[in-house]
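# Structural characterization, general
Each chain, letter by letter, is given below.
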Amino acid sequence: MTKNIFYLIQKLGMIVLGNLLYTLAVTLFIVPNGLLTGGTTGLALFFNRAAGIPVSIFVCVFNVAMFLLGARILGKQFALTTVLSTLLYPLLLGILEALRLPGIIMEERLTAVLYAGVLIGAGLGIVMRAGASTGGMDIPALILKKKKNINVSATIYLCDCIILALQMMSTDIHALLYGILLIVVYTVALDKVLLFGGAKMQVKIISSRHEAINRLLAERIDCGTSLLHMETGYLHREENMVLAVISNRELPRVNQLILEVDPEAFIIVNRINEVKGRGFTLNKVYR
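Predicted model only: the values in this text are computed from it and were never measured.

## Examining the sheet that holds strand β1 (residues 200–206)
Spatial strand order, β2-β3-β1-β4: four strands in an open sheet with antiparallel pairing. Edge positions in the open sheet fall to β2 (225–231) and β4 (266–272), since each of these has one partner strand only. The mean inter-strand angle of the sheet, taken between neighbouring strand axes irrespective of direction, is 25°. Bridge count between β2 and strand β3 (residues 238–246): seven bridges; the pairing is antiparallel.

And the structure:
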């Protein structure tokens, strides 16, 4: 019970932190430097510049409308994972607007693009790692996926392009280019956050001394291994291949260990994005 409560508190904390980072990106860098962006925030900025509607109010109304539409079409499970971000993001925007935090105006807007992109990508990534959705413009894309089987990413990028074009009506071509760059930066940052801490190295070793290598990996590196039965292509000789998953920092040591045992060992190294199971997401068990 205590573990479940701690897990819930951790998820809620991640959702709050992610939305706070997103809000700081908007209030400190995007609005003061006149940057363009996509999504609900970009749409809110367009109506703010065109009609003077406060960003927080537009985001709140739009997010609630999209949430109700999504809850009706996509179901209760979607609603449960989206409701907090739907209300939290506009609330934080309203609080920061009321506090009138001084925006950070950069002499070179490219610097503001980089800072804003990193904050937005980190914020979105943290929310997604908590298993939640940020709502907003994600919801129409999810609805189209369910009803028409249209790719979610394609829909989101199309919406972002339309929103950038709307904002360009009140600005110049340079701002549009910065807006495109901002979307690229936060997309890259988002990918990095989603993969942070989960990436590992997969090592495959083909050697006549596979038993010795297998034993030393367990003793010196303290990593689990698997023996895969294989057949060589030219001589059709049956052998065992050692498979191990290790951290990036352990790779040089593993390479050195293998070559000390067998300098002619054939080693294949692959980067893998995520590993789950005993020894990684579950505690090791020694027997």
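Alright, that's what it looks like, and here's the rest.
## Notes on the packing of helix α9 (residues 210–221) against helix α10 (residues 251–261)
With their axes 10 Å apart at the nearest point, α9 and α10 run at an angle of 145° to one another. In the crossing of α9 with α10, the sense of the turn from one axis to the other is right-handed. Across the interface between the two elements, Ala212, Ile213, Leu216, Leu217, Arg220 and Ile221 from α9 touch Arg253, Val254, Leu257, Ile258 and Val261 from α10. Residue composition of the contact of α9 with α10, grouped by class: nine nonpolar, no polar and two charged.

## Topic: the UniProt feature "transmembrane region" (unreviewed entry) in the protein
Residues annotated by UniProt as "transmembrane region" (unreviewed entry) correspond here to residues 12–31, 51–71, 78–98, 110–128, 149–169 and 175–199. End C-alpha atoms of residues 12–31 are separated by 27 Å, and the span's content is 95% helix alongside 0% strand. Secondary structure over residues 110–128 splits into 100% helix and 0% strand, and the C-alpha atoms at its two ends are 27 Å apart.

## Here we look at the nonpolar core
Counting residues in each nonpolar core, the largest one holds 37 residues, and the members touching the most others are Ile30 and Ile120. Contributing elements (two or more residues each) for this core: α1 (2–30), α2 (39–51), α3 (55–74), α4 (76–99), α5 (109–129), α6 (138–148), α7 (152–168) and α8 (173–195). Looking at which element gives the most residues to this core, the answer is α8, with seven residues. Excluding its chain neighbours within four sequence positions, the residues that come into contact with Ile120 are Tyr22, Ala25, Ile30 and Tyr186. Core analysis: the next-biggest nonpolar cluster, separate from the first, contains 18 residues, Val242, Ala244, Val254 and Ile258 among them.

## Regarding unusual backbone geometry
In the Ramachandran plot, His236 falls in the positive-phi region, its phi being about 55° despite a non-glycine side chain. With respect to the secondary-structure elements, His236 resides in the loop between β2 and β3.

## Some words on α3
Compared with the 28 Å implied by 1.5 Å per residue over 20 residues, the 27 Å span of α3 between its first and last C-alpha is a close match. Every buried residue of α3 is accounted for by Val55, Ser56, Phe58, Val59, Phe62, Asn63, Met66, Phe67 and Gly70. For α3, the arc enclosing every buried residue in end-on projection is 155°, short of the 170-degree limit, so these residues lie on one face. What points out from α3, more than 90 degrees from its buried face, is the exposed set Val61, Leu68 and Arg72. Note on α3: the residue one or two positions beyond its end, Gly75, has a positive phi of about 105°.

## Re the layout of surface pockets
Approximately 630 Å³ is the volume attributed to the largest pocket. What lines the largest pocket is a set of 30 residues, and nearest its centre among them are Leu124, Met128, Thr134, Asp138 and Ile156. Counting only elements with at least two residues in the lining of the largest pocket, the list comes to α1, α2, α4, α5, α6, α7 and α8. Here the lining of the largest pocket gets six residues from one element, more than from any other, and that element is α7. In terms of residue class, the lining of the largest pocket is made up of 14 nonpolar, 14 polar and two charged.

## What to know about a nonpolar patch on the surface
Nonpolar side chains collect at one region of the surface, where Leu110, Leu114, Met168, Ile173, Leu177, Ile180, Leu181, Val184 and Val188 lie side by side and expose about 710 Å² of accessible area between them. Going through the elements one at a time, α5 and α8 are the ones with two or more residues in the nonpolar patch. Ranked by residue count, the leading element in the nonpolar patch is α8, at six residues.

## Things to note about the UniProt feature "domain: DUF2179" (unreviewed entry) in the protein
As annotated by UniProt and renumbered to match this structure, "domain: DUF2179" (unreviewed entry) occupies residues 224–277. When the span residues 224–277 is considered, its composition is 20% helix and 43% strand, and the gap between its end C-alpha atoms is 11 Å.

## Topic: the pattern of salt bridges
As enumerated under the stated definition, the model contains one salt bridge in all. Close ionic contact of Glu239 with Arg237 constitutes a salt bridge, the shortest N to O distance being 2.9 Å. Classification of Arg237 as partly exposed rests on a relative accessible area of 42%.

## Topic: the packing of aromatic side chains
Scanning the model with the defined rule gives five aromatic pairs in all. On the basis of an interplanar angle of 10° and a centroid distance of 5.9 Å, the ring pair of Phe58 and Phe62 is categorised as stacked. With Phe58 and Phe62 both in helix α3 and four residues apart, this pair spans about one turn of that helix. Members of the aromatic cluster, each reached through a chain of ring pairs, are Phe46, Phe47, Phe58 and Phe62.

Reading the values: rules and limits
Residues numbered from 1 in each chain as written. Predicted model: local features only at pLDDT ≥ 70, side-chain atom pairs only at ≥ 80, totals over all residues. Heavy atoms only, no water. Pairing = 2+ DSSP bridges. Helix = DSSP H or I, 4+ residues; strand = E, 2+ residues; numbered from the N terminus. Axes fitted to C-alpha atoms, helices over the stretch in contact; angles between N-to-C directions. Left-handed = near helix turned anticlockwise from the far one by under 90°. Contact = heavy atoms within 4.5 Å. Nonpolar A, V, L, I, M, F, W, Y, C, P; charged D, E, K, R; others polar. UniProt positions renumbered as here; feature names shortened; annotations may be inferred. Core = buried A, V, L, I, M, F, W, Y, C linked by side-chain atoms within 4.5 Å. Buried < 20%, exposed > 50% of the residue type's maximum accessible area, 1.4 Å probe, protein only. Expected span 1.5 Å × (residues − 1). Arc of directions from axis to C-beta. 1 Å grid on protein atoms, 1.4 Å probe; cavity = no way out; pocket = protein on both sides within 12 Å on 5 of 7 lines; lining within 4 Å. Points joined across faces, edges and corners; volume = space filled by probe spheres on them. Patch = residues over 30% accessible without salt bridge, like charges linked within 9 Å, V, L, I, M, F, W, Y side chains within 5 Å. Areas by Shrake-Rupley, 256 points an atom, 1.4 Å probe, with all protein chains shown as cover. Salt bridge = Lys/Arg side-chain N within 4 Å of Asp/Glu carboxyl O. Phe/Tyr/Trp six-rings, centres within 6.5 Å; stacked < 30°, edge-to-face > 60°.

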